[in-house]
Amino acid sequence: MDAKRPALIALTALAPISWGSTYAVTTEFLPSNRPLFTALLRALPAGLLLLALARVLPRGVWWGKAAVLGALNIGAFFPLLFLSAYRLPGGMAAVVGSTGPLFVAGLSAALLGDRPTLRTLLTGITAALGVSLVVLKAAGALDLVGVLAALASTASMSTGTVLTKRWGRPDGVGPLALTAWQLTAGGLLIAPVALVVEGGPPPLDGRAIGGYLYLALANTAVAYWLWFRGIGRLTATQVTFLGPLSPLTAAVIGWAALGQALTPLQSAGMTLAFGATVFGQLRVRGTAVGPTPTAVGPAPVACGHTPVGPAAAALAPRSPC
């Protein structure tokens, strides 16, 4: 298992790396000011596709559990994250989201009996500090509603992660089916809200259709399956420490593709956050790794869906996730 663990971590890391491209795709390819419609097209088509592939429906109490997990990890998480990104200065929502590992550590202690170690807490603080250096810019007074929405989105995804650890999954059901259930449930929850708030679909050209296909297939269906698969084999805290890869990817894309400069302070922050991410994957002596029967489901995306990096000021006001 140890020999396979680096490959497992690398595959799981592809999810937040993919999410780091969301912001550039949204601003360069998609209609502006349609965050809920974008969230709907990310979640529901991907969920239905995976549901068709898995061909497994929930049974018994799992109808309710799948609905709860889908609401926490997708249906509530997306709208709260969009709200925070619209109301907060560029990157601030990413900083709040980067506290995801600390949320998971606290909830794991309360619900799973896993006491957080000093190493975990210090690593989580270091990751959040590194992300802060990358994304924070001078800004005016913070919006209280935006801050509360950012905290609620992080708490929602963190709670979903810990509950999936606690509930496990039904016998004979793999991560593909569990992914499908949650994306479908979350998408169905978002659909009526998007219709009431934003109205019907906007006109789409070929560029927008291509962008939505990328978000639904690679950025959501594949990425979430890898993420859920990874948390089924790693600890929840380990997986959440991969979250900073998303804002770091957004920063690199902004520098390489959008011509945005990285300051020395931002480069130092990237190094600090990446170092914390790597350190968070190191095995602690005496800590079991590998599959456990109760380890499945999504982890908080810390900054996984929040515009960050040098592009944050330009992207965050109009293109949350």
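Preceding this paragraph is the structure being described.
For clarity, every value in this text was computed on a predicted model and none was experimentally measured. (Residues numbered from 1 in each chain as written. Predicted model: local features only at pLDDT ≥ 70, side-chain atom pairs only at ≥ 80, totals over all residues. Heavy atoms only, no water.)

### Comments concerning the overall build of the protein
Logical step 1: A tally of regular secondary structure across the protein gives 15 helices and 0 strands.
Logical step 2: Taking the intrachain contacts of the protein between residues at least 6 apart in sequence as the baseline, contacts between residues at least 24 apart amount to 91%.
Logical step 3: Only carbon and sulfur atoms are counted for the fraction: they give 70% of the accessible area of the protein, which is about 13000 Å². (Helix = DSSP H or I, 4+ residues; strand = E, 2+ residues; numbered from the N terminus. Contact = heavy atoms within 4.5 Å. Areas by Shrake-Rupley, 256 points an atom, 1.4 Å probe, with all protein chains shown as cover.)

### Let's talk about the side chain of E198
Logical step 1: Mapped onto the secondary structure, E198 falls in helix α10 (residues 175-198).
Logical step 2: Given the relative accessible area of 18%, E198 is considered buried.
Logical step 3: Looking at E198, its side chain comes within polar contact range of the main-chain nitrogen of F37, at 2.9 Å. (Buried < 20%, exposed > 50% of the residue type's maximum accessible area, 1.4 Å probe, protein only. Polar contact = N/O pair within 3.5 Å; in protein donor to acceptor, adjacent residues only side chain to side chain.)

### Things to note about the packing of aromatic side chains
Think of a pair of aromatic rings as described by two things: how far the centres are apart, and how the planes are tilted against each other in angle.
Logical step 1: Under the criterion given, the structure shown has 5 aromatic pairs.
Logical step 2: Taking 5.2 Å as the distance between ring centres and 65° as the angle between the ring planes, the aromatic pair formed by W19 and W227 counts as edge-to-face. Taken together, the residues span a long stretch of sequence, with W19 in helix α1 (residues 5-19) and W227 in helix α11 (residues 206-231) at a distance of 208 residues.
Logical step 3: Summarising the aromatic geometry, the rings of Y224 and F228 are spaced 5.4 Å apart at their centres and angled 75° between planes, so their arrangement reads as edge-to-face. Taken together, the positions of Y224 and F228, both in helix α11 and 4 residues apart, correspond to about one turn of that helix. (Phe/Tyr/Trp six-rings, centres within 6.5 Å; stacked < 30°, edge-to-face > 60°.)

### As for the environment of A128
Logical step 1: Relative to the helices and strands, A128 resides in helix α8 (residues 118-135).
Logical step 2: The class for A128 is buried, based on a relative accessible area of 12%.
Logical step 3: As for A128 and P101, which are separated by 27 residues in sequence, their C-alpha atoms are 9.3 Å apart.

### What to know about the environment of T263
Logical step 1: By the secondary structure assignment, T263 is in the loop between α13 (245-256) and α14 (264-279).
Logical step 2: Judged by its relative accessible area of 37%, T263 is partly exposed.
Logical step 3: For the pair formed by T263 and L133, sequence separation is 130 residues and the distance between their alpha carbons is 9.9 Å.

### Considerations on the side chain of T12
Logical step 1: As for its placement among the helices and strands, T12 is situated in helix α1.
Logical step 2: Setting aside residues no more than four positions away along its own chain, T12 makes contact with L226, W227, G230, L234, V239 and L242.

### Some thoughts on the pattern of salt bridges
Logical step 1: Tallying each qualifying case throughout the model produces 1 salt bridge.
Logical step 2: Here R34 ties to E198 by a salt bridge, and the two come within 3.3 Å at their closest N and O atoms. Of this pair, R34 sits in the loop between α2 (22-29) and α3 (35-54) while E198 sits in helix α10, and the two are 164 residues apart along the sequence.
Logical step 3: R34 sits in the buried class, given a relative accessible area of 14%. (Salt bridge = Lys/Arg side-chain N within 4 Å of Asp/Glu carboxyl O.)

### Details of the nonpolar core
If you look at soluble globular proteins, the nonpolar side chains tend to sit buried side by side.
Logical step 1: Core analysis: the largest hydrophobic core is formed by 35 residues, its most contacted members being I74, F78, Y224 and W227.
Logical step 2: The set of elements that each furnish at least two residues to this core consists of α1, α3, α5 (77-87), α9 (144-167), α10, α11 and α12 (236-240).
Logical step 3: Grouped together as the second largest cluster of nonpolar side chains are 10 residues, W62, L72, L163 and W181 included. (Core = buried A, V, L, I, M, F, W, Y, C linked by side-chain atoms within 4.5 Å.)

### Digging into α10
Logical step 1: Between its terminal C-alpha atoms α10 stretches 33 Å, which fits the 34 Å expected from 24 residues at 1.5 Å a residue.
Logical step 2: Along its length, α10 shows its largest kink, about 25°, at I190, and proline P192 lies within four residues downstream of that point.
Logical step 3: At the C-terminal side of α10, G199 shows a positive phi close to 80°. (Expected span 1.5 Å × (residues − 1). Bend = angle between axes of the 7 residues up to and from the residue.)

### A short note on a nonpolar patch on the surface
Logical step 1: A cluster of nonpolar side chains, contributed by L49, L53, L204, I209, L213 and L217, occupies part of the molecular surface with about 520 Å² of accessible area.
Logical step 2: Elements with a contribution of two residues or more to the nonpolar patch: α3 and α11.
Logical step 3: The greatest single-element share of the nonpolar patch, amounting to 3 residues, is contributed by α11. (Patch = residues over 30% accessible without salt bridge, like charges linked within 9 Å, V, L, I, M, F, W, Y side chains within 5 Å.)

### Observations regarding unusual backbone geometry
Logical step 1: Phi is positive for R55, close to 55°, though the residue is something other than glycine.
Logical step 2: Topologically, R55 is positioned in the loop between α3 and α4 (62-75).

### Details of the packing of helix α7 (residues 100-111) against α9
Logical step 1: Running from amino to carboxyl end, α7 crosses α9 at an angle of 45°, the nearest separation of the two axes being 9 Å. Relative to α9, the element α7 lies oblique. When you trace α7 past α9, the crossing you get is right-handed. In this structure, α7 contributes G100, F103, V104, L107, S108 and L111 to the contact, and α9 contributes L151, T154, A155, S158, T159, V162, L163 and R166.
Logical step 2: Split into classes, the residues belonging to the contact of α7 with α9 amount to 8 nonpolar, 5 polar and 1 charged. (Axes fitted to C-alpha atoms, helices over the stretch in contact; angles between N-to-C directions. Parallel < 35°, antiparallel > 145°, perpendicular 65-115°, else oblique. Left-handed = near helix turned anticlockwise from the far one by under 90°. Nonpolar A, V, L, I, M, F, W, Y, C, P; charged D, E, K, R; others polar.)

### Notes on α4
For the α-helix, the turn length of 3.6 residues means that residues three or four positions removed from each other point alike.
Logical step 1: A rise of 1.5 Å per residue sets the reference length of α4, with its 14 residues, at 20 Å; its end C-alpha atoms lie only 17 Å apart and thus fall more than 12% short of the reference.
Logical step 2: For α4, the full list of buried residues reads W62, A66, L69, G70, L72, N73, I74 and G75.

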